Amino acid sequence: MSRNFRLKLRSFLQLGILLVGLLNSIETHADPDAVPLTKEQQGAKWLMENRPDLLALYRRYPHLIKPLERYAINQGFTRPIELKATILHELIHIDSLVHGGYYVDGITYRRPYIGDPSWPETKVSDLIPTLTIDDKTELGSVYTLYMRNASQNGMANIEDELNAYQQVLPFVTALEPSSAKHQQRKLDQFKYLRRLFYERLPPTR
């Protein structure tokens, strides 16, 4: 056996050992991902990677999670991601109120907020008489449930709803697309309501 052949054989064996070690390393690191995650785990993982600030709301208001979960289920939101999104939606409202500004990322809060005198004085009750049948159809449950039960709310409250829906929509879209259609529909309805305010109720301030 020539010296060159022995050197080539040794190099080949060393390469083989290196490849086996690499494959073992890949398999070892791939094991956690090989186990399917539950929807709950997928939700937590997505929030941790993309919106850790929203995940932090759970730790900020732990005493509210169970009551909000019961509220969401009573509203018909029982699918795992939409349930979590509904809880987050309400936590965004709560955190905005606590900090006196619309929630952005748990550090930044946008103002003017609800109660600020710079908002127009017009209320939902002022808009209802101007609605056509087509408007009511377009508004859907925002008319039948929100407007009729919260007639004293104004533009600042509508911005509060828009902000909460916009914050959680990417989360639902990524993990539960069929539920995202409902979330997007509600967002579009509140956008339509805001447009009606601007078009039909000129600011009084």
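S.K.: Would you mind going over the overall build of the protein chain with me for this structure?
M.R.: From N to C terminus, the protein chain includes 10 helices and 2 strands. Ordered by position from the N terminus, the helices and strands of the protein chain form the series α-α-α-α-α-β-β-α-α-α-α-α. By residue count, 40% of the 205 residues in the protein chain fall in the buried class. A total accessible area of about 12300 Å² is found for the protein chain, and carbon and sulfur atoms account for 59% of it.

S.K.: What should I look at first to understand helix α5 (residues 80-99) in this one?
M.R.: Counting along an α-helix, one turn takes 3.6 residues, and residues three or four places apart therefore face a common direction. Between its terminal C-alpha atoms α5 stretches 29 Å, which fits the 28 Å expected from 20 residues at 1.5 Å a residue. With 15 of 20 residues buried, α5 lies mostly within the body of the structure. Where α5 ends, the next residue or the one after it, Gly100, has phi of about 65°, a positive value.

S.K.: Mind showing me how you'd approach helix α4 (residues 62-74) here?
M.R.: Every buried residue belonging to α4 is among Ile65, Leu68 and Ala72, and all of these are buried. In this structure, the buried residues of α4 make contact with α3 (52-60) and α5. Just downstream of α4, Gly76 is the residue with a positive phi angle, here 100°.

S.K.: Would you mind showing me how to read the nonpolar core here?
M.R.: Proteins that are soluble and globular tend to have nonpolar side chains buried together. Counting residues in each nonpolar core, the largest one holds 51 residues, and the members touching the most others are Leu91, Leu139, Met147, Phe171 and Leu193. Residue contributions to this core peak at 11 residues, all from helix α9 (residues 155-175). The residues contacting Met147, other than those within four sequence positions of it, are Val124, Leu127, Ile128, Leu131, Leu139, Val142 and Leu193.

S.K.: Sorry, what's going on with unusual backbone geometry here?
M.R.: In most cases, non-glycine residues show a negative phi, while peptide bonds are predominantly trans. With an omega dihedral of 10°, the bond running from Arg111 to Pro112 counts as a cis peptide bond. The topology assignment puts Pro112 in the loop between β2 (109-110) and α6 (124-127).

S.K.: Looking at this structure, I do not really get the confidence of the model for the protein chain. What am I missing?
M.R.: Do not read the predicted coordinates in detail wherever pLDDT is low. Counting all residues, the mean pLDDT for the protein chain is 86, and 82% of those residues have values of 70 or more. In the predicted structure, residues 1-30 sits below a pLDDT of 50 and forms 1 contact with residues beyond four places in sequence or in another chain.

S.K.: How should the packing of aromatic side chains be read in this particular structure?
M.R.: To describe a pair of aromatic rings, one takes the distance between the centres and the angle between the planes. Per the counting criterion, the structure on display carries 5 aromatic pairs. Between Tyr103 and Tyr109, the aromatic rings sit 6.0 Å apart at their centres with planes inclined by 80°, giving edge-to-face as the arrangement. We note that Tyr103, like Tyr109, is buried. Three or more aromatic residues joined by ring pairs form one cluster here, namely Tyr146, Tyr165 and Phe190.

S.K.: When you look at the pattern of salt bridges in this model, what are you seeing that I'm missing?
M.R.: Pairs may arise between side chains of opposite charge once their charged atoms sit close together. Here the structure, examined in full by the defined rule, presents 9 salt bridges. Note that Arg51 is salt-bridged to Asp53, the shortest N-O span being 2.7 Å. You'll find Arg51 and Asp53 in the same group, each marked buried.

Procedures and definitions
- Residues numbered from 1 in each chain as written.
- Predicted model: local features only at pLDDT ≥ 70, side-chain atom pairs only at ≥ 80, totals over all residues.
- Heavy atoms only, no water.
- Helix = DSSP H or I, 4+ residues; strand = E, 2+ residues; numbered from the N terminus.
- Buried < 20%, exposed > 50% of the residue type's maximum accessible area, 1.4 Å probe, protein only.
- Areas by Shrake-Rupley, 256 points an atom, 1.4 Å probe, with all protein chains shown as cover.
- Expected span 1.5 Å × (residues − 1).
- Contact = heavy atoms within 4.5 Å.
- Core = buried A, V, L, I, M, F, W, Y, C linked by side-chain atoms within 4.5 Å.
- pLDDT = per-residue confidence, 0-100.
- Phe/Tyr/Trp six-rings, centres within 6.5 Å; stacked < 30°, edge-to-face > 60°.
- Salt bridge = Lys/Arg side-chain N within 4 Å of Asp/Glu carboxyl O.

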